[in-house]
Every structure is written in C-alpha cells, then in structure tokens.
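Fold and contact review
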Amino acid sequence: QKHGVCHGDVTASHNGLILAYQGGWHDAADVSQQTIQSAEVTHALLQTAHTVKERNPRLYMRLMEEANWGLDFILRMRFGDGYRATGATIRRWTDGWIGNMDDCEARVHNRSFDNFVMAGVEAYAGIMFAKEDEALAWKCVEAAKEDYEFAATRFSRIGLEEPYTKEHTASASLSQYYGAAGWAASVLYKATKDEAYVDYLVEYIDKLLMCQETDNEKLPIHGFFYRDESKKTIVHFSHQSRDHIFVQALHEACTAVTKHSDRQKWETSMRLYGQYLQALAEYTAPYGMLPAGIFSETEVEDYETFQLIHPKVDYEREKPNYLEQLRQGISLGNGYYLKCFPVWFSYRGNSALHLSMGKAAALVGNYFGDDALIQVGKEQLYWTLGKNPFGQSLIYGAGTFYGQQYTALLGETVGEIPVGVQTLANEDIPYFPQANIATYREVWTTPAGRWLWIAADVL
C-alpha cells in the first residue's frame, strides 16, 4: 500500500448513475488512472500467481490478494450496460469532498475493444478464484459473459471504433480487435465450456490470420501483422503496446480447443510470428532488446493512422521527421526498414513495446518447447535489469546501479519501472539521459505488468 484512500471525488456519470472512480492502481506518476491498464496488471498478477502456486504458496497468496484489489476496481467500474468508467487525467491530489473546485470527471465509454479485453481478464479471474472465493469467481464469469456480449454486439454493428485520443486503446487496429475477441472467447470457453464461445473464437481467429504477413516477396522477414485484411499498414506502437495480443489469442485458442480442426493452422501462425521475433532479435545483439519492428515508407501517407499512433502531433510538420526516423533504421530494401525503436514524437520510452513482444516470445516458446524463443522473452527482463548499453537497471531498487525516476506526486517505490529508454531526435540508437523528467523516466504501471506477464511464462 503506497498511500491511503484517495480521489473519492473523482466521479463517473452515466444514464443518471454516478460512481466514484477510485481503486486499482494509479497508472502513472501523475496519479492518473486508466481502467484497462489496471485490468492488464491484474491479469499479469493472476498469471504469475498461477506459476508460483506450488513452489511458493506465500507468494501465491500475496499475488492473489493484490490481484483481488485490482479486480474489485475493474468490476466496480461497470455500469452494467456495456458502458464503464475508463479513465481520468487527474494530476493532483484532491480533498475527497464532492462538489467543490478540485473535483474531476472520469471518462465513460462503451467500446468493443475494451469490453473484449475486460471479458478475457474477468473470465480468467473467475478461473483463478474458483477454489479461493466461489462467489467472487461466479461474479467474474457473469461479468465476463455480459461484457463479451456487449462487445460482440457492438463490434458487429460498428466495427472499428471512432478514435478517442485520451485513451491508450484509441490506436487499436482492426487486427487487434480480432485478437482481443478471439482471446477472450477462448478464456470464456475454458471458464464456461459453452460451445458458443468456440464459434466466436474460430470466427475472430480466422479474421486475425487474414491480417498476417506470410509471403511478401519484397520482404526478407515475415510473420508480423497488419492493421487489417487489406495489408496496407503494419501494426505499430509508440507508447502503450499490445503486440502480445495476436499470439495471446492464438495460444489461448490452441489450448482451449486442443482437438479443433483449425489448430494446425493456428500453430503455423504462431510459429511464423516466433520466427519473426527471432529474426528481429539478431539486429540488436549482443543486447537482447527486441526491435520495434518493420516499417514502410508508404505509411507516412496514412494520415488517419498517423494521428492515432502519434496524438498531439502536427502531421504536416512531422512527415519529414517520420521519413528521417525510418532512414535512421536498417534498410531492408523496397522502401522497408527495420527499426530498433519506433517512430515517435510526443511520447518516448520503449519498455511497454519490447516487454509486450517479449510476452509473445515467451508464449510461443513455451507452447512449442522452443528454448531459443523463451530466451528471447527472458532477454527483455534482462534489459530492464541492466543488460543494456548504460549498464543501468531500469527497476528502482534492483541491482546496485539504478537511477532516480520521475515519480511526480508519489515518491520513489522499490520495483517501479519507467516508460523506458528513448532515442535522441530522429536517431535509432538508445538514449537515456539522467534528467529526471517525463515521459521516458516517468513511473508507469504498464511495464511492471508486462514484466510480470513475461516472468509468469519463464520462471
């Protein structure tokens, strides 16, 4: 417990109802909060608890206790009709009295991507708490079933949501929707054995596979995913990252319906993505940090996607810098480049990016018993612990050489991890100055959750 009860006067309103937007974990040093980030941290805690249950029962119980804290917040933020309180940009301590000048209004949305992710987390929590707290487990599964139905109904009607740039999920591609929907359906099938979820997972995984690069003759590396079936724009991240979601969906489907006729097809997709990650890893050796991926010069003309991935940035002004950042990477020919760090402007720091990719590597490695891929996952942990060009641990309190981090309103906490290593201007090499400022040195729960996600698979 970092501090006592806070922000009781941050409220969310919907359809005549008001709830207090408090609980879970502040997602950054500015004491802001986003519900989906607490949900993903909760999932990471639960997966880590599952891994250590037999070998360390005390740690298991502590992890379950902390996950329960996050789960309480996730469930309380639901309005029960598809809408939920999704986030608040706070940046101040408040006095807890509702009705005066320091109050803050939380955002409320009904977005299918968020509901798919929430359904998967809730269903997994139901499985994990089945023997620990039967009533809580039932509540989690019921919430998951409802949230999945809200998401599937809305997605079939609307498809890709209109962007709302204050939420980190705004940049989610259609392929990520497919991944989230397929993953959540697979977890729900494990939790309920309802065959309707098999139909869902097959439908969405099939659509996901249509977005994967398999045979472009202009490229020496394949296996990554595009934003949709048109295969015009490659999936990229510049701050928040969910690069794991594709493999997470495939892995969950393969383990949920082990005798399904499409399983071999799903496994082939996973293998291809694993080969992609291994190919990337060769470009940063002897350091193990996974590069940001493959980029195309044609992407700079995609105005809509540019605005999603790079909010608060002037498109026309930054187009030349976009191309310059690409050309600082490694040319693969035909206008394609491999970049160690993403194209980025307003947000810099890559902890979430390489750790999300590390989660994917660990999942594929474990599924196929591939020690080389498991090692790729481990290397992402090692990078944060000091196996980087600076010889500096990015985890406060871990090791003997770690720097101060930007904690703004919270103070230093042992175990905190910042947004991550950045680059200088348009370069594509690591840059991590000692100036204690946001965003690269700002404390953020996302990389801590991603770190645990990998640890759950490689411990």
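Here is a short report on the structure shown in this document. (Residues numbered from 1 in each chain as written. Predicted model: local features only at pLDDT ≥ 70, side-chain atom pairs only at ≥ 80, totals over all residues. Heavy atoms only, no water.)

1. Notes on the overall build of the chain
The line we're drawing: Numbering of helices and strands runs from the N terminus; a helix is a DSSP stretch of H or I covering at least four residues, while a strand is a stretch of E covering at least two. Within these notes, the globule rule equals 2.2 Å times the number of residues to the 0.38 power, and the radius of gyration is based on C-alpha atoms. The buried label applies to any residue whose accessible area, calculated with a 1.4 Å probe on protein chains only, is under 20% of its type's maximum; exposed applies above 50%, and partly exposed to all values in between. Residue contacts are counted whenever heavy atoms from the two residues lie within 4.5 Å of one another. All accessibility values rest on the Shrake-Rupley procedure with a 1.4 Å probe; residue burial counts only the protein chains present in the view. When charges are counted, Lys and Arg contribute as positive and Asp and Glu as negative, whereas His and the chain ends are disregarded. To locate a charge, take NZ of a lysine, CZ of an arginine, CG of an aspartate or CD of a glutamate.
In terms of helices and strands, the chain carries 13 helices and 9 strands. Taken against the 2.2 N^0.38 rule, which gives 23 Å for 459 residues, the C-alpha radius of gyration of the chain at 21 Å falls within 12% of a compact globule. Of all 459 residues assigned to the chain, the portion counted as buried reaches 61%. Taking contacts inside the chain between residues at least 6 apart in sequence as the whole, the part at least 24 apart equals 70%. When the accessible surface of the chain is totalled, it reaches about 18,500 Å², and 51% of it is carbon and sulfur. The averaged location of the 58 negative side-chain charges in the chain is 2 Å from the averaged location of its 41 positive side-chain charges.

2. Some details on helix H4 (residues 134-158)
The condition that has to hold: Expected helix span is given by 1.5 Å per residue-to-residue step, counting one fewer step than there are residues.
Counted at 1.5 Å a residue, the expected span for H4 with its 25 residues is 36 Å, and the 36 Å between its end C-alpha atoms agrees. When H4 is considered as a whole, its buried residues turn out to be Leu136, Ala137, Cys140, Val141, Ala143, Ala144, Asp147, Tyr148, Ala151, Ala152, Arg154 and Phe155. Where H4 is buried, its residues contact helix H2 (57-76), strand E4 (84-88), helix H3 (112-128), helix H5 (174-192) and helix H6 (196-209). Of the residues trailing H4, Gly159 is marked for its positive phi of about 75°.

3. A closer look at the packing of aromatic side chains
Cut-off, in case you're wondering: In summary, the pairing rule links any two rings of Phe, Tyr or Trp, Trp by its six-membered ring, whose centres are within 6.5 Å, and it sorts them by plane angle into stacked for under 30 degrees, edge-to-face for over 60 and tilted for everything else. Counting as a charge over the ring demands two things of the Lys NZ or Arg CZ atom: a distance within 6 Å of the ring centre and an angle within 35 degrees of the ring normal.
What the rule picks out here adds up to 27 aromatic pairs. When the ring of Phe155 is compared with that of Tyr177, the centres are 5.4 Å apart and the planes differ by 15°; the resulting orientation is stacked. Linking Phe155 in helix H4 with Tyr177 in helix H5, this pair joins segments that are 22 residues apart in sequence. Phe155 gets classed as buried once you look at its relative accessible area, which sits at 8%. A cation over a ring is seen here: Arg441 above Phe432, with NZ or CZ 4.1 Å from the ring centre.

4. A short note on the sheet that holds strand E2 (residues 17-20)
What counts here: Strand pairing follows a simple DSSP-based rule, namely that at least 2 bridges must link the two strands.
Pairing within the open sheet is mixed, and its 3 strands lie in the order E2-E1-E5. Of all the strands in the sheet, the pair left with one neighbour each is E2 and strand E5 (104-105).

5. As for the sheet that holds strand E8 (residues 330-333)
To keep things clear, this is the line we draw: Axis lines are fitted through C-alpha atoms, for helices just across the contact stretch, and the angle between N-to-C directions can take any value from 0 to 180 degrees.
In spatial order, the strands read E7-E9-E8; together these 3 strands make up an open sheet with antiparallel pairing. Of all strands in the sheet, those with a lone pairing partner are strand E7 (293-296) and E8, marking the two edges. Across the sheet, the axes of successive neighbouring strands diverge by a mean angle of 35°, strand direction being ignored. In the sheet, E8 pairs with strand E9 (residues 336-339) via 3 bridges, with the strands oriented antiparallel. Bridge pairing in E9 places Ser331 opposite Tyr337. Where helix H10 (residues 315-327) meets the sheet, its contacts fall on E7 and E9, and the angle it forms with E9 comes to roughly 75°.

6. Comments concerning the side chain of Glu267
With respect to the helices, strands and loops of the structure, Glu267 is situated in helix H8 (residues 263-281). With residues near it in sequence (within four places) discarded, Glu267 still touches Cys254, Tyr367 and Phe368.

7. Brief notes about the pattern of salt bridges
Note the following rule: Salt bridges are identified by distance alone: a Lys or Arg side-chain nitrogen within 4 Å of an Asp or Glu carboxyl oxygen.
Scanning the model with the defined rule gives 25 salt bridges in all. Between Asp72 and Arg76 there is a salt bridge, with the nearest N and O atoms lying 2.9 Å from each other. One end of the pair, Asp72, and the other, Arg76, are both in helix H2, 4 residues apart, so they sit about a helical turn from each other. For Arg76, a relative accessible area of 35% translates into the label partly exposed. Between Glu267 and Arg263 there is a salt bridge, and its shortest N-O distance comes to 3.2 Å. Of this pair, Glu267 and Arg263 both sit in helix H8, 4 residues apart, which is roughly one turn of the helix.

8. Section: the pairing of E2
The pairing of strand E1 (residues 10-14) with E2 spans 4 bridges and is classified as antiparallel. Directly across from Thr11, in E2, lies its bridge partner Ala20. Taking the residues between adjacent antiparallel strands as the criterion, E1 and E2 are bridged by 2 residues, where Asn15 takes a positive phi near 55°.

9. Examining helix H11 (residues 351-368)
Helix length check: H11, at 18 residues, gives a terminal C-alpha distance of 26 Å against a target of 26 Å (1.5 Å per residue), a fit within 8%. The buried fraction of H11 amounts to 16 of the 18 residues, a majority that puts the element mostly inside the structure. Positive backbone phi, approximately 65°, marks Gly369, located one or two places after H11.

10. Section: the nonpolar core
As a reminder, the rule being used: Side-chain atoms within 4.5 Å are what join buried Ala, Val, Leu, Ile, Met, Phe, Trp, Tyr and Cys residues into a set we call a nonpolar core.
Judged by nonpolar contacts, the single largest core of 95 residues is most densely connected at Phe116, Tyr148, Trp266, Leu277 and Ile294. The biggest single contributor to this core is H5, with 11 residues. If we skip the residues at most four places from it in the chain, Ile294 touches Leu219, Ile221, Phe224, Ile234, His236, Tyr276, Leu332, Tyr336 and Tyr337. One finds Phe73, Phe79, Ala85 and Cys104 within the second-largest nonpolar core, a separate group that totals 14 residues.

11. Overview of the environment of Tyr303
Under the convention used in this document: Two N or O atoms form a polar contact when they lie within 3.5 Å of each other; inside protein one atom must be a possible hydrogen donor and the other a possible acceptor, and for residues adjacent in sequence the pair counts only when both atoms belong to side chains.
With respect to the helices and strands, the residue Tyr303 is situated in helix H9 (residues 303-309). Residues Tyr303 and Ser13, 290 residues apart in the sequence, show an inter-C-alpha distance of 33 Å. Side chain to side chain, Tyr303 and Gln307 meet in a polar contact 2.8 Å long.

12. Overview of the packing of H8 against H11
Our working definition: Comment on the angle field: the value is read as roughly parallel under 35 degrees, roughly antiparallel over 145, roughly perpendicular from 65 to 115, and oblique elsewhere. Helix crossings fall into two classes, left-handed where the near helix is turned counterclockwise from the far one by less than a right angle and right-handed where it is turned clockwise. Residue type decides the class: Asp, Glu, Lys and Arg count as charged, Ala, Val, Leu, Ile, Met, Phe, Trp, Tyr, Cys and Pro as nonpolar, and the leftover types, Gly among them, as polar.
Axis separation between H8 and H11 bottoms out at 10 Å; the angle between their running directions is 125°. For the element pair H8 / H11, the angle class is oblique. Viewed along their axes, H8 and H11 form a crossing whose handedness is left-handed. Taking contact as the criterion, the partners of Arg263, Glu267, Met270, Arg271, Tyr273, Gly274, Leu277 and Leu280 in H8 are, on H11, Met357, Ala360, Ala361, Val364, Tyr367 and Phe368. The class makeup of the residues in the contact of H8 with H11 is 10 nonpolar, 1 polar and 3 charged.

13. Things to note about the side chain of Thr11
Note on placement: Thr11 falls in strand E1. Once residues within four sequence positions are removed from consideration, Thr11 is found in contact with Ile18, Leu19, Tyr21, Ile98, Cys104, Glu105 and Ala106.

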